[in-house]
Amino acid sequence: MLDGMLSVEPWIPPASPDLAILAMEAADEAGLASLRAWPSVSKGGVSFGQLPPFLCWRGQVDEAWHLVLLQAREVGALVHGAKTAPLPTGWLEALDLEALARPLARHPAFPGGTSVHVVQLPGTEAFRVRTFGTPAPDLVAEVLKRTSHIQIWHLAD
């Protein structure tokens, strides 16, 4: 926390270490025999499966790291004049959160690990989130506040 406000900033994932290698290491650690999918660095964000790249924001709450992933197309819908294509219906529910988040959670950019929050924007001023690690809805709301003209966000019912 910084002066009573949450400290968040955009994060552009570096090309190294390769997220595929981190995914394999995380799978070995979890005792998984094989991987069906893993994240990759793409267009300044993180790609996963058939979804467009996620925009990445990072922040800390009580010295614990958090990584927030936003679908650029959904955030673009909140930017005047942006053109967006629809995402698949139910993409957040269908997302293999562990396969996406496990390698990111161990990224060396986050000493001690990070919680990963994947955000969906179903409508004005509301967000849905799936979390791998410790929930941080206030931090997610702060990221959304910084990426849109909407200044008050709440969890969708």
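That block above? That's the structure.
Everything quoted here is computed from the prediction, not taken from an experiment.

Attention shifts here to the overall build of the protein. Counting its regular elements, the protein contains five helices and eight strands. Beginning at the N terminus, the succession of helices and strands in the protein can be written as β-α-β-β-β-β-α-α-α-β-β-α-β. Computed over C-alpha atoms, the radius of gyration of the protein comes to 15 Å, within 12% of the 15 Å expected from 2.2 N^0.38 for 157 residues, which places it in the range of a compact globule. Projected onto the principal axes, the alpha-carbon positions of the protein cover approximately 45 × 40 × 30 Å. For the protein, buried positions account for 43% of its 157 residues. For the protein, the separation between the mean place of its 11 positive charges and that of its 16 negative charges on side chains is 9 Å.

A word on helix α4 (residues 97-105). Since the α-helix turns once every 3.6 residues, residues separated by three or four places project in the same direction. With respect to burial, α4 is a largely interior element, eight of its nine residues being buried. If you follow the buried residues of α4, they end up packed against α1 (19-30), β3 (45-48), β4 (51-61), β5 (64-71), β6 (114-123) and β7 (126-132).

Okay, the pattern of salt bridges next. A full pass over the atoms with the stated rule returns seven salt bridges. Notably, a salt bridge pairs Glu 98 with Arg 102, separated by 3.0 Å at the nearest N-O pair. You can see Glu 98 and its partner Arg 102 sitting in helix α4, four residues apart, about one turn around the helix. Residue classification places Glu 98 among the partly exposed positions, given a relative accessible area of 44%. The exposure class of Arg 102 is buried, given its relative accessible area of 15%. Beyond isolated ion pairs, a larger network of salt bridges with shared partners links Glu 25, Glu 29 and Arg 106.

This paragraph deals with the side chain of His 117. With respect to the element layout, His 117 can be found in strand β6. When near neighbours in sequence (up to four residues on either side) are disregarded, His 117 contacts His 66, Leu 67, Val 68, Leu 69, Val 129, Arg 130, Thr 131, Thr 134, Pro 135, Ala 136 and Val 140.

So, about the environment of Thr 147. Of note, Thr 147 is situated in helix α5 (residues 137-147). Sequence separation between Thr 147 and Leu 70 is 77 residues; the distance between their C-alpha atoms is 9.7 Å. Setting aside anything within four residues of it in sequence, one finds Thr 147 in contact with Trp 57, Leu 70 and Val 75.

Right, let's talk about the environment of Cys 56 for a bit. Among the structural elements, Cys 56 can be located in strand β4. Relative accessible area serves as the criterion here: at 4%, Cys 56 is assigned to the buried category. Spatially, the C-alpha atom of Cys 56 lies 9.6 Å from that of Val 118, the residues being 62 residues apart in sequence. Apart from residues lying up to four places away in sequence, Cys 56 is in contact with Pro 10, Trp 11, Pro 13, Gly 45, Val 46, Leu 67, Val 68 and Leu 69.

What counts and what doesn't
- Residues numbered from 1 in each chain as written.
- Predicted model: local features only at pLDDT ≥ 70, side-chain atom pairs only at ≥ 80, totals over all residues.
- Heavy atoms only, no water.
- Helix = DSSP H or I, 4+ residues; strand = E, 2+ residues; numbered from the N terminus.
- Rg over C-alpha atoms; globule rule 2.2 N^0.38 Å.
- Buried < 20%, exposed > 50% of the residue type's maximum accessible area, 1.4 Å probe, protein only.
- Lys, Arg positive; Asp, Glu negative; His and termini not counted.
- Charge placed at Lys NZ, Arg CZ, Asp CG, Glu CD.
- Contact = heavy atoms within 4.5 Å.
- Salt bridge = Lys/Arg side-chain N within 4 Å of Asp/Glu carboxyl O.

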